[in-house]
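A structural walkthrough
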Amino acid sequence: MKLLVAGPFGVGKTTLIRTLSEIATLHTEEAMTETGRPVDDLAGVPEKVTTTVAVDFGRLTLPGNVVLYMFGTPGQRRFFPLWQDIARGAVGALVLADTRRLADSFEIMDMIEEQGLPYAVAVNCFPESPLHQVEVLRGRLDLHPATPLLLCDARDRDSSLDALISLAEHVLDTLPAAQETS
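Within each chain, residue numbers correspond to sequence positions counted from 1 in written order. The predicted origin of the model limits local features to residues at a pLDDT of at least 70 and limits the giving and counting of side-chain atom pairs to 80 or more, whereas totals for whole chains, interfaces and linings rest on all residues. Remark: hydrogens and water are excluded; side-chain values derive from all non-hydrogen atoms of the structure.

Before going further, it helps to examine the overall build of the protein chain. Only DSSP runs of H or I covering at least 4 residues are called helices, and only runs of E covering at least 2 are called strands; the numbering of each starts at the N terminus. When you go through the protein chain residue by residue, the secondary structure sums to six helices and eight strands. Element order for the protein chain, N to C, with α for helix and β for strand: β-α-β-β-β-β-α-β-α-β-α-β-α-α. Whether a residue is buried, partly exposed or exposed follows from its accessible area with a 1.4 Å probe, protein chains only, as a fraction of its type maximum: under 20%, in between, or over 50%, in that order. By the burial criterion, 48% of the 182 residues in the protein chain qualify as buried. Sequence-distant contacts, at least 24 apart, represent 71% of the contacts inside the protein chain between residues at least 6 apart. Throughout, a contact is declared for two residues whenever any of their heavy atoms are within 4.5 Å.

What follows deals with the pattern of salt bridges. Here the idea is simple: oppositely charged side chains can pair when their charged atoms come close. By convention in these notes, a salt bridge is any Lys or Arg side-chain nitrogen within 4 Å of a carboxyl oxygen on Asp or Glu. Enumeration according to the criterion identifies six salt bridges in this entry. Of the charged contacts in the structure, one is a salt bridge between aspartate 104 and arginine 101, with a shortest N-O distance of 3.4 Å. What makes aspartate 104 partly exposed here is its relative accessible area of 35%. With relative accessibility at 9%, the residue arginine 101 sits in the buried group. A salt bridge links aspartate 153 to arginine 155; the nearest nitrogen and oxygen atoms lie 2.8 Å apart. Overlapping salt bridges bring together Asp98, Arg100, Arg101 and Asp104 as one network.

As a further point, take the packing of aromatic side chains. Stacked, edge-to-face and tilted are the three classes for Phe, Tyr and Trp ring pairs, Trp counted by its six-membered ring, which pair at centre distances within 6.5 Å; planes under 30 degrees apart are stacked, over 60 edge-to-face, the rest tilted. Using the criterion set out here, one finds two aromatic pairs in the structure. Look at phenylalanine 57 and tyrosine 69: their rings are 6.2 Å apart centre to centre, the planes differ by 15°, and that puts the pair in the stacked class. Of this pair, phenylalanine 57 sits in strand β4 (residues 56-62) while tyrosine 69 sits in strand β5 (residues 66-72), and the two are twelve residues apart along the sequence. Look at tyrosine 69 and you get partly exposed, because its relative accessible area is 34%. Here the aromatic residues Phe57, Tyr69 and Phe71 are joined through ring pairs into a cluster of three or more. The rule for a charge over a ring is simple: NZ of Lys or CZ of Arg within 6 Å of the ring centre, and within 35 degrees of the ring normal. In this structure, lysine 2 is placed above the aromatic ring of phenylalanine 71, and the distance from its NZ or CZ to the ring centre is 4.7 Å. A cation over a ring is seen here: arginine 100 above phenylalanine 126, with NZ or CZ 4.5 Å from the ring centre.

What follows is about the nonpolar core. Definition used in this section: a nonpolar core is a set of buried Ala, Val, Leu, Ile, Met, Phe, Trp, Tyr and Cys residues joined via side-chain atoms within 4.5 Å. Ranked by size, the top nonpolar core spans 24 residues in total, and within it Leu4, Ile112, Tyr119 and Val121 carry the most contacts. When residues of this core are traced back to their parent elements, those giving at least two are β1 (2-6), α2 (80-87), β6 (92-97), α3 (105-114), β7 (119-124) and α4 (134-141). Non-local contacts of isoleucine 112, meaning those with residues more than four positions away in its chain, are made with Ala6, Trp83, Ala93, Val95, Leu117 and Tyr119. Counting 22 residues, the second largest nonpolar core, distinct from the first, contains Leu62, Leu96, Cys152 and Ala154.

Bringing the sheet that holds β5 into the picture now. Whether two strands pair depends on DSSP finding at least two bridges between them. Overall, mixed pairing links the six strands, which are arranged β4-β5-β1-β6-β7-β8 in an open sheet. Both edges of this open sheet fall to β4 and β8 (149-152), since each of them pairs with a single strand only. Direction aside, neighbouring strands of the sheet carry axes that sit 25° apart on average. Lines fitted to the C-alpha atoms define the axes, with helices restricted to the stretch that makes contact. Angles between their N-to-C directions range from 0 to 180 degrees. Against the sheet, α2 contacts β1 and β5, and its axis sits at roughly 155° relative to β1. Across the sheet, α3 is in contact with β1, β6 and β7; its angle to β6 comes to roughly 175°.

Next up on the list: the side chain of aspartate 98. Following the sequence through the fold, aspartate 98 ends up in the loop between β6 and α3. Here serine 129 takes part through its side chain, which lies 3.4 Å from a polar atom of the side chain of aspartate 98. Apart from residues no more than four positions distant in its own chain, aspartate 98 is found in contact with Val11, Asn124, Phe126 and Ser129. For this analysis, a polar contact is any N or O atom pair within 3.5 Å, provided that within protein one partner can donate a hydrogen and the other can accept it, and provided that sequence-adjacent residues contribute only side-chain to side-chain pairs.

Moving on, we come to helix α5 (residues 157-174). One less than the number of residues in a helix, times 1.5 Å, gives the span that helix is expected to have. Here α5 spans 26 Å end to end across 18 residues, near enough to the 26 Å set by a 1.5 Å rise per residue. For α5, the complete set of buried residues consists of Ser159, Ser160, Ala163, Leu164, Ser166, Leu167, Ala168, His170 and Val171. In this structure aspartate 156 caps α5, since a side-chain oxygen of it lies 3.3 Å from the backbone nitrogen of aspartate 158.

Spelled out as structure tokens, the structure:
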């Protein structure tokens, strides 16, 4: 199952894939430069020193021999053509969000919806992020009631696994064959 891990710049996509992957991850992180400083908004993430410039990749095998192939996408607008190529063939997306910058997630969710992909949203709980009830976040993110929404910590394997499993279940529930039998 090819899944995207998407979200805005600096939200924890690379961290989540590294946390979950059973193989050495492919990651294309590079040091941030002075040239990129005016382009990459560091509001809310002033400690960020690297950025993904192409793709992250990891694999996770679940019970029942369900293999999840995780493709992390860059979060900046300049990479959207690349994002569209990476999205080709994916069956769903896990959108990571940050309560310090919720509005940054809208553009990513719009792109995923335009591709017709089912998705789940995992709010990555950074230590300095304000905490909100899931119902409040659902309203602020303007999510459809059927869209899974969870809180997670991308550094924690169990938490990240819960988010990815929630997405996988949602994807399986939205498949045409699943809809015909229910």
